[in-house]
Amino acid sequence: MVDRKNIKKYALISVYNKSKLRYLCANLKNQKISIISTGSTCEKIKKLGFKCTDISSITKFKEILDGRVKTIHPKIHASLLFKRNSKKHIATFNKLQFPIIDFVIVNLYPFEKTITSSSSHEKILEMIDIGGTTLLRSASKNFESVTTISSPDDYEIFVENLIKHSGKTSLDFRAKMAFNAFK
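Computed from a prediction, not measured in an experiment: that's the story for all the values here.

(A) Local environment of the overall build of the protein chain. The helix and strand inventory of the protein chain stands at 10 helices and five strands. Each of the 183 residues in the protein chain was classed as buried or not, and the buried ones make up 48%. Residue pairs in contact within the protein chain that sit at least 24 positions apart in sequence constitute 61% of those at least 6 positions apart.

(B) Representation of the sheet that holds strand β4 (residues 101–107) within the structure. In space, the five strands of this open sheet follow the order β3-β2-β1-β4-β5, with parallel pairing throughout. Here the strands that pair on one side only, and so sit at the sheet edges, are β3 (53–54) and β5 (147–149). Looking at chain direction, strand β1 (residues 9–15) and strand β2 (residues 33–37) are connected through five bridges and run parallel. Across the sheet, I13 pairs through a bridge with S37, a residue of β2. Where helix α2 (residues 39–47) meets the sheet, its contacts fall on β1, β2 and β3, and the angle it forms with β2 comes to roughly 135°.

(C) Broad picture of the environment of Y23. The residue Y23 is located in helix α1 (residues 21–30) in this model. Residue classification places Y23 among the partly exposed residues on the basis of a relative accessible area of 34%. In the structure, Y23 is positioned 129 residues away from P152 in sequence and 10.0 Å away in space, judged by C-alpha atoms.

(D) Representation of the pattern of salt bridges in the model. All chains considered together, the criterion is met by two salt bridges. Across the pair K20 and D153 runs a salt bridge whose closest N-O atoms are separated by 3.7 Å. Residue K20 is found in the loop between β1 and α1, and its partner D153 is found in the loop between β5 and α9 (155–164); the two are separated by 133 residues along the sequence. The exposure class assigned to K20 is partly exposed, which follows from its relative accessible area of 44%. Notably, a salt bridge pairs R84 with D102, separated by 3.5 Å at the nearest N-O pair. Of the two residues, R84 is situated in the loop between α4 (74–81) and α5 (87–95) and D102 in strand β4; the sequence distance between them amounts to 18 residues.

About the criteria used
Residues numbered from 1 in each chain as written. Predicted model: local features only at pLDDT ≥ 70, side-chain atom pairs only at ≥ 80, totals over all residues. Heavy atoms only, no water. Helix = DSSP H or I, 4+ residues; strand = E, 2+ residues; numbered from the N terminus. Buried < 20%, exposed > 50% of the residue type's maximum accessible area, 1.4 Å probe, protein only. Contact = heavy atoms within 4.5 Å. Pairing = 2+ DSSP bridges. Axes fitted to C-alpha atoms, helices over the stretch in contact; angles between N-to-C directions. Salt bridge = Lys/Arg side-chain N within 4 Å of Asp/Glu carboxyl O.

Shown next, in the form of structure tokens:
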């Protein structure tokens with residue numbers, strides 16, 4: 001079991017829809033949860049006045065291919081997928097020297113909306129979200145330890161659950177959010 005008493009908590013935020021970001025970040029700060037983010041989301045969080053670490057400074061891997069590859073990295077997914085109650089997983093993860101990510105807040109590019117509003121194949125292809133979907137699936141697979149939030153509409157209930165459980169979320173909540181990520 002991972003001893004969490006003195007371990008800093010991290011949320012990974014990578015969102016297309018940046019509405020309610022100020023509310024989310026303020027509440028994460030109140031719960032002493034540090035923020036890791038990507039590209040334009042990281043820039044927006046900093047512009048809003050919150051501390052945020054760019055994911056590439058932790059992975060030591062810069063975004064490539066015009067942002068098509070930024071979160072598909074073994075250290076990120078190891079942080080999301082390692083079983084917090086498996087000595088073998090913990091030993092492997094500890095060798096990576098990477099933060100433990102407990103919260104994944106991702107909303108996807110508006111692919112369906114783009115299909116109906118654009119005839120540009122290039123624009124439609126760019127709205128296929130690979131990294132976001134992969135983050136949601138990894139976090140959901142490990143819902144026993146990781147909270148998955150896939151819509152700004154869920155920020156309020158997420159924050160309520162964090163407050164109720166002193167900076168953590170309940171297992172029932174994590175399971176519900178993992179399931180909601182794929183509706």
